[in-house]
Structures are given as structure tokens and as C-alpha cells.
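# Architecture at a glance
Okay, here's what each chain looks like letter by letter:
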Amino acid sequence: MLQIRNLTKVYDSGVVALDDVSFDIPDGQFLAVIGLSGSGKSTLLRCINRLIEPTSGQILWDGVDLVSLSPEEMRRMRRKIGMIFQHFNLVNRSRVLTNVLAGRLGYINPAFSLINHFPKEDVENAIRQLERVGIADKANVRADELSGGQQQRVGIARALMQDPSILLADEPVASLDPVLAHSIMKYLELINQEDKVTVICSLHFLDLVHRYADHVVALNQGKLVFEGEPKKIDDAKFKEIYGKDAERVG
Amino acid sequence: MDKDNRKPNIWKSLTLGLAVLLGIVVYAYGAEVTRVNLGELQSERRQESMVRVLRALFRPDLLEYDQVLEPRVTPIYVPCPAGGVPEDLGDPRSGGYITVTPACGSPGDVVRVEGFNFMPNAEGPLRFVPGSDPENPVGLGQLFANTDAQGNFSMDFTLPNRESEDVQYIRVIMRQNEGAPYFTQNAKDTWDRIVETVFMALLATTIGTVLAVPISFTAARNLMKPVRSPIASIALNVIGWLAGIYLAYQVAAWIGGFTQQYVSVLPIALASVVVVPIIANFAFRWAVPVEDAEPPTRALQIVRNLVLLGIAALGIYALYALAGAMSTLGPQLARQFSGVAFMGNFLFRLGGILDLLVPTIAALMGGGALGGLLARVGQQATERLPEAAVKTMNIVLAGLAGAVLAALFGAFAEWVYQFGNPVATLWWPAIIGAAAGVLLAVLTQPKATLGVGIALYYVIRTILNALRSIEALVMAIVFVIAVGIGPFAGMLALGLHTIVSLAKLYSEQVESISSGPMEALQATGANSLQTIVYAVVPQIIPPYIAYTLYRWDINVRMSTIIGFVGGGGIGFLLQQNINLLNYRGASTQMVAIAVVVATLDYISSVVRERYT
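For the structure given in this document, a descriptive report is provided here. (Residues numbered from 1 in each chain as written. Chains lettered and ligands numbered in written order. Predicted model: local features only at pLDDT ≥ 70, side-chain atom pairs only at ≥ 80, totals over all residues. Heavy atoms only, no water.)

## Let's talk about the state of the cysteines
Within the structure shown, the criterion is met by 1 disulfide over all chains. Linked covalently through their sulfurs, C80(B) and C104(B) form a disulfide whose S-S length is 1.8 Å. Taking the torsion about the S-S bond as the criterion, the C80(B) to C104(B) disulfide, at about 85°, is right-handed. Of this pair, C80(B) sits in the loop between β1 (63-76) and β2 (97-101) while C104(B) sits in the loop between β2 and β3 (110-116), and the two are 24 residues apart along the sequence. The class for C80(B) is partly exposed, based on a relative accessible area of 39%. C47(A) takes part in no disulfide bond, and the closest cysteine sulfur to it belongs to C201(A), at a distance of 18 Å. (Disulfide = S-S within 2.5 Å. Helix = DSSP H or I, 4+ residues; strand = E, 2+ residues; numbered from the N terminus. Buried < 20%, exposed > 50% of the residue type's maximum accessible area, 1.4 Å probe, protein only.)

What follows is the structure, encoded as C-alpha cells:
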């Protein structure tokens, strides 16, 4: 159970990205976070693994407040929180296999990273994860030689290497075409259902939300404006989330 | 509305007019101080010397032939003697001879000099040899006589103003090349020096690159900005570094002295070099497990750190043993295989350098280890203790660290200026430093973090910029004093300049990498070292290669002139020849430089294309 309590983030520029946001995420949930660009979706996800430091509030994971952990304790905690990104954030010049193995770095003693050494089990595991997302044949290809959909699958494999309990997905399909978007979302669904990983995924398209998410939270200018099942988003709610000029398509 | 529109336009024109005026003034003054004077080019004297130098430069002193010489003289009287011209006894030698008609005359008279029966198509200088001063022959307008296909020549001269009652002579020395051409001494010297130059640049670039890479990370804003620590951690880090450096240096020196007699025995040294790393490897594997799911217990951590300390001591011994083995093995190999003796000498030299460097390496590693350890202790103490206790701890530690740092600066000032007053150079700085540290600790929140990374970034940037503004040529002057005239001084100067300029260029590349991969690796729980190795390094390899090659280019060019100040290399020869007005010799060196620079330029462009 992940509990967000009064989470607020004010950037140095004075922008209020999150304004007193509170909600709960039960284990194993597929949660979609929706809202306009700049509504605070990315900030919310990055506050959970503290890539961005919250200004105030609590993030309780099974009773442990992530916000109060020391940097070293947080580093250990991050190993259980996988993350995938809109722009994949792969190291372009490295091989696919190296990119996937990088997901294991949190478990490995830094001294061995200097000589680029990974235990054999990790390498085997990396191949298995690549097989799972269907690109094991690309293991020795440079990451930037892959297509967008393949790169995101490498991103997923990297997150799976962490053996995560929570997977944060920051607009994972926003840079992909609709067909690829569905294939990536299906992998997330699979991880959610087979591995019982809690998935917290920010999304732009409501049809994807309806198709994949168990639960939705909506943000508008940093405030939580909706929380509930996807089918409960009616036209009035839609206008509240996306503004009154927005039109519903699809 | 109209008025509003017009007003800015007038201002604009006025500003433009002023700017143009200012430009004219600037360039007028520039022409004045640079003393632009094209008239100088027109002067005949200048043109003559210019032509002479240019002709010499176009005939580099590269090849020469053995020459056959045919010196001949014929007597002449200036003015005509009262008793008539005595009978010419003639040149007894066979071969060519010269005649002059008439055989006497007053200064300014025109005489005809003819040569017969010389070597065909030969050339040689023709001179008037005064009877009173035969060592200094006088030129006769045209310097050289050239024989035709039959070996004859004929030239008209005006007699010089050298009157004498004795017999005087006109002399020709006919010369002809014989056999195959061979390289002149100048060409051979040039070859030796150009090899020296290229390797000077190579070593300087290598050393510079190796040291510039780690420095560049500390001079990159994007890596340093997130580095923040609480006061206690920073203060303990400073103290830990200084204490670590001192302790490790002492320990290394002690181990060195203690083991000296053993490592000079080759079998012991070689055995140590093989056995110690194996032991260290096993110990290391135990002390540093590859994967650590749970944080280890305190007791286990202490035991592990002790084992690591033991490994470090063994490592220092192994380095001494390696140095000893190389120093002993090198000369033996050099004697055995005299063809590649330089390899043996190289081994010997490396051994010597290693032996010198071990205490320094140990000191740096000791400083890093102790500094890091104490910084972690400070971090954890800040996290766990109550605020009031942290505040007290901060005040004490910051005061101590400030005092130590300021006392170090005081000691440096004492060393430079030799005040000879310990109150002014040790105690006052220490008190002021302590006060500054205490003040800092009092003014900040006890658990707040300070941007120590960005502060370090500014310090390193400032040092880099200051050192970079000193040309390698100037640095060479200092190093010539430190290690004597020769290529070693030049190599050190180029190396130092390479470190500072490459560190700056590299760090700008680090600043321009995409932050996405770093963010992704941080999110996996990788620590900062791992983030650098896996997210930063792969991104910067191509620009690093490009900049290294560019620097290698610069170093080759710089090393050609570093000899001007005694830094060795081809510049030494070039300057010598220019000072001796031997422009043909200098020309050879210039050609050599051009060839080397162009070749390396081509090679580096090929490499750059392939790897970037």
C-alpha cells in the first residue's frame, strides 16, 4: 500500500506543481494519472522515487515515509521502484544488454561497476527479460539502432531487472504511434497481472485509460480533481480535468 | 504617434553614427600602435635582404654531394707597375687555367677574365684576392663563374679600389658535384629532433588526457550542482582528506623503507608481484561482495574495512615490488637484447617513476578513503542526532576544519613570502579560519545541506582558467629551471597545459550530455559513481576522442617552438639556425614541421571520422 499524504511541490521558480495531493494506491493496482501537460503528472511520479524532492507531505510505503529517508536509504529503496520514461532514456551508444543490465546497478557494489562486471545470473536474467519483451535477438545491438517501440521495450526490461514492486511509467507511449502504444501498454498490463507489480502510469489518451487502468487520478494545476474508476469520468468530470474548451475524442 | 515613431529613429541614427565614429577611432589608434608602415616594404635594402632570405628558404639544406674542386689564380697589378708587368710564371698544374687581360689597370678599369679547359658545366666563386690581405677576398659584382659545355668561361669586371705595389690575384674555385647525393648533417639533426618532437607531443598528450578526464568531471556543472552535504560531513571530509593524505604518505614511505632490501632481489620482487595480487583478489572478493541485498551489520562493516586496509598495505608493497622488479629487470634485459635496449631502459625508467609515485598514489587514495569515510560518519550523525547536538557538532567541526584549511594557506604564504613570523602566518589565519567556520555553522540550519559541489566547481574552474591563460611556452621556462634544458621540460610544460585546457573542453562536453539516461539510472538505485560510468561516460567518448586528437595536433605544433625557450625538440635547432642566419638550415626544419603537422592532421581526421 502506497499512501500519498498532503504532497506539495513548489519549484524554486515559484511554480506550484503539486498542491496538497492525497490518495492511496493498493498493492497490485494499475493506476492511471491523467491531466493536461504541466498539470503535475511527471512531478508526482518523480516525487514518489524522489528524483524530485517534495516540498512537504508524506509518501508512506507500507508505513515507511519515503520523504524522510536519508539519500543512502532512498537509494536502496529505489531499487524496488522501476521507472520507464516518455523518451526511453536509454544510453544510446551502449549495447541493449548493457542498458538492461544497468537496471541491476543498485544491487551491485560500485567497485565492480568501474570494471563493467556483472554476475552471471544477472546477465542470464537480462537475456530472459529481453526475451520476455520479445527483443532478445537485439541484445548486442547499439540502443540507438532500435525503433522507438523497441527502445521502450528495452526500458521495460531495464526496469524489470530491478525486480520492482512498483513501476512508475511517465507517459510511456506519448512518443509512439497508436499500434505501438497498445503493444507497450500490453506489456505493462502483463507485468501488473503476472508479477503483481503496482503500476502507476501517466497517460494522455482516455481510451488507453479505459482499456488498461483499474483506477484513475486526475490532476489539474497540481490539484487532485478526480479519483475513481475510469468509467466514472463523465462529460462534466472531463471538462473539469481538461478545461471547459476541451472536446472529447475517441 | 508620429512623434513617438520619429524619436527612436533619431536616437538609432545617432547611436549608429557614434558607433561608426568609435570604430574609426579604434582602428586609427590600432594602426598607430602597431606602426603600420607599408613604405618599409618598398625600401631597396629590405627588399634585397628579403629576396636573399626567401631564396634561401626555398633551398632547404637537405642534400649534398661530394665535390671536386679546381682552384686557380692569375696575377693582376693595381695600379700598373712602373717597370711593366712581370712575366707570368703560370699555374704549374694541369687542367683549367684563367687569364686576365689586360694584366694590370687602375681601380675602375674594366678587365676581362677568361677561363679555359675547366670541368664542363661547373660553377664556382670568383674573387679578387688582395695581396695585403689574402684572407679576405673581395667580390667582383658577379659572384660565380659558370663554365660552358667545353669548360670555358669569360667575364668582364671592374677592378676594385684596392691599390698595392705587390702582386695581387684573381681567384676562381671551380666546383662540381660528384657521385650520389646524401643527407646533410643538418638534415640528420632535423630528423633526430623531429622524432623527439613527435614523441614529446605524444607523451604530453597522453599524460594530459589521463589526468584531465577525472578533473573534467569535477569541473562540470551538471554533475557538481546536485552534490550537497551537511556541514559536519563537509568539515569531516576536509579533515579526513588532510589526515588521510598525511597518514597514507607516512605509511607508504615506511613500507617502502622497510621492504627496500627485499624488493631489490629479483626473485622476491617477481614472486611478490605475482602472489600479492592473488591474495588481494581473494580478500577483496570477500570484503566487497558483488551484490548486497541488505545493508551489512556494523561489525561486519568494520571487519570488511580492516581487511580493505590490509589489502591497501599489501597493494603498496606490491607496487614497490613491481617498481623494484622493473628497475632490476630493465638493465638486465637491456644488456641481453642490445638491439631493443631502449625497451629495457624504458622498463628501468618506469620502475623508477613508479617508485617515486607510490607514496603520492597512496596519499591520494588514503585521503579519498578517510575523507569519504569521515564524510559518511558526519552524514549519518547529522541524520540521527537531535538538532541541538548537531548544531554543537557543526560548530566544533566547522571551526576545526576552517582553522586547518586557513593554517595551510598561512603555511603556503609563509613558504612563498618568508615572513618568518609564526603568529602572523600560522596562528592568525587559524583563528580567522576557525571563526569563519564557526560563523558558517551558527548561521546555517543544523541539518541543512550546503552546495559543496558547486563551490568546488567554481574553485576548480577558476584554477583551470588561470592556468590555461599561461601559455605552454611560458610554463616551459619554469620547467626548464626545474628539470634542466631538454625535451623533458618541454614535455612537462605541454602536459600541464594539456591537462588544464582539455579538462575545460571535456567538462563542457559533460555539461552538454543528455540528462535522461542519468535520471533513468538514478531511478534504478545506482549511486553517483555508477551513474557516471554507465550514463555519462558512454555519451562523452566521441567528443573526448575528438578533443584529444585536436590537442595532439596543437601539442605537435607547440612542441615545434617550445625549443625556443630550451624545451627540446626541433625548435631548438630552428632557433639556432635563425640566429646564425643559416636560413637554408632553418628552411629544412620548417619543411620537416610542415610535413609532420600535415601528416598528423590527416591521420587525426581519419581517426576522428571513424570513431565519432
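## Re the interface of chain B and chain A
Counting from both sides, the interface comprises 31 residues of chain B and, opposite them, 38 residues of chain A. Buried surface at the junction of chain B and chain A, both sides included, amounts to about 2900 Å², of which 59% is carbon and sulfur. Contact with chain A buries area across many residues of chain B, yet V290(B), T524(B) and Y534(B) alone supply 23% of it, more than any other trio. Note that R46(A) and E519(B) form a salt bridge whose closest N and O atoms lie 2.4 Å from each other. Our count for the contact surface shared by chain B and chain A stands at 9 residue pairs in polar contact (both at pLDDT 80 or more). For the side of chain B that touches chain A, the secondary-structure elements that each account for two or more residues are α9 (341-384), α15 (516-523) and α16 (528-561) of chain B. Sorting elements by how many residues they give to the side of chain B that touches chain A places α16(B) first, with 8 residues. Grouping the amino acids of the side of chain B that touches chain A by side-chain chemistry returns 19 nonpolar, 7 polar and 5 charged. (Contact = heavy atoms within 4.5 Å. Buried area = accessible area lost by both parts, 1.4 Å probe. Salt bridge = Lys/Arg side-chain N within 4 Å of Asp/Glu carboxyl O. Polar contact = N/O pair within 3.5 Å; in protein donor to acceptor, adjacent residues only side chain to side chain. Nonpolar A, V, L, I, M, F, W, Y, C, P; charged D, E, K, R; others polar.)

## Side note on the pairing of strand β7 (residues 166-170) of chain A
Residues and elements named next belong to chain A. Of all 5 residues in β7, 5 are buried, a share of seventy percent or more. Residues I166, L168 and D170 point to one face of β7 and L167 and A169 to the other, with burial holding for every one of them. Sheet topology places strand β6 (residues 81-84) next to β7; 4 bridges connect them, and they run parallel. Opposite I84, over in β7, you have A169 as the bridge partner. (Pairing = 2+ DSSP bridges.)

## Examining the side chain of S113(A)
Looking at the element boundaries, S113(A) is found in helix α4 (residues 110-113). A polar side-chain atom of S113(A) sits 3.0 Å from a polar atom in the side chain of Q530(B). Contact partners of S113(A), with chain neighbours within four places excluded, come to L105(A), I108(A), Q530(B), V533(B) and Y534(B).

## Details of the packing of helix α4 (residues 185-218) of chain B against helix α18 (residues 583-611) of chain B
All names here are of chain B. At a closest axis distance of 10 Å, the pairing of α4 and α18 adopts a crossing angle of 35°. Viewed along their axes, α4 and α18 form a crossing whose handedness is right-handed. In this structure, α4 contributes N186, A187, T190, I194 and V198 to the contact, and α18 contributes G585, T588, Q589, A592, I593 and V596. A per-class count over the contact of α4 with α18 returns 6 nonpolar, 5 polar and no charged. (Axes fitted to C-alpha atoms, helices over the stretch in contact; angles between N-to-C directions. Left-handed = near helix turned anticlockwise from the far one by under 90°.)

## Looking at the pairing of strand β7 (residues 168-183) of chain B
All names here are of chain B. Taken together, the 13 bridges between β1 and β7 define a ladder with antiparallel strand orientation. Considered in β7, the bridge of L63 is made with F183. Direction of pairing for strand β4 (residues 123-129) relative to β7: antiparallel, over a ladder of 5 bridges. The residue of β7 that forms the bridge with V129 is Y169.

## As for the nonpolar core
In terms of nonpolar packing, the biggest core is built from 79 residues, with I34(A), I156(A), M185(A) and L188(A) touching the most fellow members. What L188(A) contacts, discounting residues up to four positions off in sequence, is F30(A), I84(A), I156(A), L167(A), A169(A), P172(A), V199(A) and C201(A). Counting 30 residues, the second-largest nonpolar core is a separate cluster that includes L2(A), L69(A), V217(A) and A520(B). (Core = buried A, V, L, I, M, F, W, Y, C linked by side-chain atoms within 4.5 Å.)

## Quick look at the sheet that holds strand β3 (residues 30-34) of chain A
All names here are of chain A. With respect to topology, 6 strands assemble into an open sheet ordered β6-β7-β8-β3-β9-β10, the strand pairing being mixed. Both outer strands of the open sheet, β6 and β10 (223-228), are each paired with one neighbouring strand and no more. The sheet shows a mean angle of 15° between the axes of neighbouring strands, taken without regard to direction. Inspection of the sheet shows β7 paired to strand β8 (residues 198-202) by 5 bridges, in the parallel sense. Bridging from a neighbouring strand, D170 pairs with S202 of β8. Across the sheet, helix α1 (residues 41-48) is in contact with β3, β6, β7, β8 and β9 (215-220); its angle to β7 comes to roughly 150°.

## Describing unusual backbone geometry
Residue and element names in this part refer to chain B. Here the residue pair V78 and P79 is connected by a cis peptide bond, since its omega of -10° sits within 30 degrees of zero. Residue placement: P79 occurs in the loop between β1 and β2. Residue P102 is reached from T101 by a cis peptide bond, and omega for that bond is -10°. Position of P102 among the secondary structure elements: in the loop between β2 and β3. Phi at R35 takes a positive value of approximately 50°, unusual for a residue other than glycine. Its place among the elements puts R35 in the loop between α1 (2-33) and α2 (39-42). You can call R35 exposed: its relative accessible area is 72%. Of note in this structure, N117 is not a glycine but carries a positive phi near 65°. Relative to the helices and strands, N117 is located in the loop between β3 and β4.

## Overview of the sheet that holds strand β4 (residues 56-61) of chain A
All names here are of chain A. Strand order in the open sheet made by the 4 strands is β2-β1-β4-β5, with antiparallel pairing throughout. At either margin of the open sheet sits one strand with a lone partner, and together these are β2 (16-25) and β5 (64-65). Taken together, the 5 bridges between strand β1 (residues 2-10) and β4 define a ladder with antiparallel strand orientation. Looking across to β4, one finds that T8 is bridged to S56. Packed on one face of the sheet, α1 meets β1, β2 and β4 and runs near 120° to β1.

## A short note on the packing of α4(B) against α16(B)
Residues and elements named next belong to chain B. At a minimum axis distance of 9 Å, the contact between α4 and α16 shows a crossing angle of 150°. It follows that α4 is roughly antiparallel to α16 by the angle criterion. Seen along the crossing, α4 lies across α16 with a hand that is right-handed. Only I532, V536, V537, I540, Y544, T548, W552, N555, V556, S559 and T560 of α16 make contact with α4, whose side of the interface consists of T197, V198, M200, A201, L202, A204, T205, T209, V213, S216 and F217. Of the residues belonging to the contact of α4 with α16, the class tally is 14 nonpolar, 8 polar and no charged. (Parallel < 35°, antiparallel > 145°, perpendicular 65-115°, else oblique.)

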